[in-house]
Amino acid sequence: MRRRLDAGGFPYPLTHDKAAGGPSDNLLHNLLRGLVESTTLVPPDLDLLEDDLESLPGEEGPAG
């Protein structure tokens, strides 16, 4: 998927950093930023992601 997005002109680097021998440290950040800026991923989608993170085993949700 990273190669396909990169080849399609995705505005942020998603491919491996050959000099570092692995993916960019900002890979997830770049992916989310590009998806939000292109409105492929919208705020209600981000809320769903947050809800999923809160329900992970061993993770506590926000206080309140």
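All of these numbers come straight from a predicted model, not from anything done at the bench.

Undergrad: Which parts of the structure should I look at to understand a nonpolar patch on the surface?
TA: On the surface, a nonpolar cluster with roughly 380 Å² of combined accessible area is contributed by Leu28, Leu32, Val36, Leu46 and Leu49. When residues of the nonpolar patch are assigned to their parent elements, the largest contribution, three residues, is made by helix 2 (residues 27-37). The topology assignment puts Val36 in helix 2. The class of Val36 is partly exposed, set by a relative accessible area of 34%.

Undergrad: Help me out: how do you make sense of the packing of aromatic side chains in this one?
TA: Any aromatic ring pair is given by two values, namely how distant the centres are and how the planes are angled relative to each other. As enumerated under the stated definition, the model contains one aromatic pair in all. Ring plane angle 70° and centroid distance 6.4 Å describe the contact between Phe10 and Tyr12, whose orientation is recorded as edge-to-face. Like Phe10, the residue Tyr12 is buried in the burial classification.

What counts, and where the lines are drawn
Residues numbered from 1 in each chain as written. Predicted model: local features only at pLDDT ≥ 70, side-chain atom pairs only at ≥ 80, totals over all residues. Heavy atoms only, no water. Patch = residues over 30% accessible without salt bridge, like charges linked within 9 Å, V, L, I, M, F, W, Y side chains within 5 Å. Areas by Shrake-Rupley, 256 points an atom, 1.4 Å probe, with all protein chains shown as cover. Salt bridge = Lys/Arg side-chain N within 4 Å of Asp/Glu carboxyl O. Helix = DSSP H or I, 4+ residues; strand = E, 2+ residues; numbered from the N terminus. Buried < 20%, exposed > 50% of the residue type's maximum accessible area, 1.4 Å probe, protein only. Phe/Tyr/Trp six-rings, centres within 6.5 Å; stacked < 30°, edge-to-face > 60°.

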